[in-house]
Amino acid sequence: MSSQSVRREESTAAPACPECGGHVDQAEHETHCTECGLVVDTSRVDHGREWRSFDRDKCRRTGSPRTVTLHDNGLSTEIGRDGSDAQGNTISARKRRRLQRQRCYHSRAKFESKRQRNLAHGLGEIRRLTGALGLGSSIQKQASSMFRTAQDADLLPGRSIEGGAGAAVYIACRCSETVVDMSSIAVVARCSEASLWTTYRAFQRELSLPIPIQQPPDWVPKIISAVPLSVESKLRQRSQDLARQATEAPGFAGDPTSIAAACVYLASQENEAGWTQTTIGEAADVSPNSIRAWYRKLEDRFGESPR
């Protein structure tokens, strides 16, 4: 047996348990003994290379995972700008100019067609919108997939890329039951709200998207969090109960935001919180007249006397 084989066997041999001398197994972030259950090590950080295959004879180098948020799924490379080579030495001015020209050629070669360039622009706009609205990575991935689907269906010609990106973000929020209205997206988008609604309706009609209908209980937490006053837990619970009752009862079909705002106002009146219709209307972005109209219907059907 060669010395290389001996070193390989020694490196692959698992250490023994310090308590009973049994076999030690490493699973996820924990190293434990299979005989007595002793946890030898936890939260161990592997500072070595990352391999695609766990077979030592077929080790392969890997890069970052693929993602739908980039036009090339994250498979492209970039030329660094730190001004040093692989050994950390400062590169000369001549080589810096050469690298700058290569970066220019590389940025042009990343896109094979105008269609791919539009895709990159749209996905970049989705990243900007989700970042400005504070949405998670799951919303960003869903919106990116929605934008790709719309481009494959040839729904973007004749419409702005910014409108398509905003509509994709709104559709992703609706499908994941994240409460974000179109007016909030229009504030940070680079197009008008009317353009967003037009593109959204076109996507929904042409792609037959099963977008769930928003209900008043979905808007109650958003409205309460936007009210600049202290909120008690019983007021939150009462608002949710009223919104659920209004959703299940007949005769309460209308704007879910207005109904939710009326539920919050009725709950505040019952708990003697002293909230005004104007304050709740500004938090919900609805008019006090709409709140007043739905408040009267809710009070006649589900109202209680103040405690």
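Here the structure is shown first, and the text comes after it.
J.: Tell me about the pattern of salt bridges, and name the residues and values.
T.: Per the stated rule, a full pass over the model turns up eight salt bridges. Between Arg205 and Glu206 there is a salt bridge, with the nearest N and O atoms lying 3.6 Å from each other. Arg205 sits in the exposed class, given a relative accessible area of 53%. Look at Glu206 and you get partly exposed, because its relative accessible area is 49%. A salt bridge links Lys234 to Glu232; its shortest N-O distance comes to 3.9 Å. A network of salt bridges, in which partner residues are shared, links Arg115, Asp152 and Asp154.

J.: So what's going on with helix α7 (residues 193–207)? Residues and values would help.
T.: The terminal C-alpha atoms of α7, which comprises 15 residues, lie 21 Å apart, in line with the 21 Å expected from a rise of 1.5 Å per residue. Along α7, the positions that sit buried rather than exposed are Leu196, Thr199, Tyr200, Ala202 and Phe203. With its buried residues spanning 160 degrees around the axis, α7 presents them on a single face. Away from its buried face by more than 90 degrees, α7 exposes Ala194 and Arg205. On the buried face of α7, the contacting elements are α4 (137–152), α5 (161–175) and α6 (182–188).

J.: Could you give me a rundown of the nonpolar core, with the residues and numbers involved?
T.: One finds Ile126, Phe147, Val169, Ile171, Leu196, Tyr200 and Phe203 to be the most contacted residues of the largest nonpolar core, which totals 32 residues. Of all the secondary-structure elements, those providing two or more residues to this core are α3 (114–133), α4, α5, α6 and α7. Counting residues per element, this core draws most heavily on α5, at nine residues. Setting aside anything within four residues of it in sequence, one finds Phe147 in contact with Asn118, Leu119, Gly122, Leu123, Ile126, Leu156, Ile161, Gly164, Ala165 and Ala168. Membership of the second largest hydrophobic core comes to 30 residues, among which are Trp219, Ile280, Ala284 and Tyr295.

J.: Any chance you could break down the side chain of Ser258 for me, citing the residues and the numbers?
T.: Locating Ser258 in the fold gives a position in helix α10 (residues 256–270). The buried category is assigned to Ser258, whose relative accessible area is 5%. Filtering out sequence-adjacent residues up to four positions away, Ser258 remains in contact with Val286, Ser290 and Trp294.

J.: Describe the packing of aromatic side chains, listing the residues and the values that go with them.
T.: Going through the model one piece at a time under the given rule, you end up with four aromatic pairs. Taking 5.7 Å as the distance between ring centres and 75 degrees as the angle between the ring planes, the aromatic pair formed by Trp197 and Tyr200 counts as edge-to-face. Note that Trp197 and Tyr200 are positioned in helix α7 at a spacing of three residues, about one turn of the helix. Note on Tyr200: relative accessible area 5%, which makes it buried. Ring geometry for Tyr265 against Tyr295: centres 4.8 Å apart, planes inclined by 75 degrees, an arrangement best described as edge-to-face. Within this pair, whereas Tyr265 is found in helix α10, its partner Tyr295 is found in helix α12 (residues 288–302), the two being separated by 30 residues in sequence. No difference in accessibility class separates Tyr265 from Tyr295, as the two residues are buried. Cluster of aromatic residues (ring-pair linked, three or more members): Tyr170, Trp197 and Tyr200. Against the face of Trp294 rests Lys297, its NZ or CZ located 4.7 Å from the ring centre.

J.: Got a sec to walk through the pairing of strand β2 (residues 30–33)? Specific residues and values, please.
T.: Residues in a regular strand project their side chains so that they alternate between the two faces of the sheet. The two faces of β2 differ: Thr31 and Cys33 on one face are buried, but Glu30 and His32 on the other face are not. Of the strand pairs in this sheet, β2 and strand β3 (residues 39–42) are connected by three bridges, and their pairing is antiparallel. When the sheet's bridge partners are listed, Thr31 is paired in β3 with Asp41.

The rules behind each value
Along each chain, residue indices are assigned from 1 in the same order as the chain's sequence is written. Given that the model is predicted, a residue must reach a pLDDT of at least 70 before its local features are reported, and side-chain atom pairs must reach 80 or more before they are shown or counted; all residues, however, enter totals for whole chains, interfaces and linings. Side-chain descriptors were evaluated using all non-hydrogen atoms of the structure, hydrogens and water having been removed beforehand. Salt bridges, as used here, are contacts in which a Lys or Arg side-chain nitrogen is within 4 Å of a carboxyl oxygen on Asp or Glu. Relative accessibility under 20% of the residue-type maximum defines a buried residue, over 50% an exposed one, and the middle range a partly exposed one, all with a 1.4 Å probe and only protein chains included. Working definition: helices are DSSP H or I runs of at least four residues, strands are E runs of at least two. Numbering for both runs from the N terminus. Here, expected helix span is obtained from the residue count minus one, scaled by 1.5 Å. The arc in question is the one traced by the directions running from the helix axis out to the C-beta atoms. Working rule for contacts: check all heavy atoms of both residues, and any pair within 4.5 Å makes them a contact. Nonpolar core, defined: a set of buried Ala, Val, Leu, Ile, Met, Phe, Trp, Tyr and Cys residues in which side-chain atoms within 4.5 Å join the residues together. Centre distance within 6.5 Å is the pairing criterion for rings of Phe, Tyr and Trp, where only the six-membered ring of Trp is used; planes under 30 degrees apart are then read as stacked, over 60 as edge-to-face, and the remainder as tilted. Two thresholds decide whether a charge sits over a ring: the Lys NZ or Arg CZ must be within 6 Å of the ring centre and within 35 degrees of the ring normal. We treat two strands as partners when DSSP finds at least two bridges between them.

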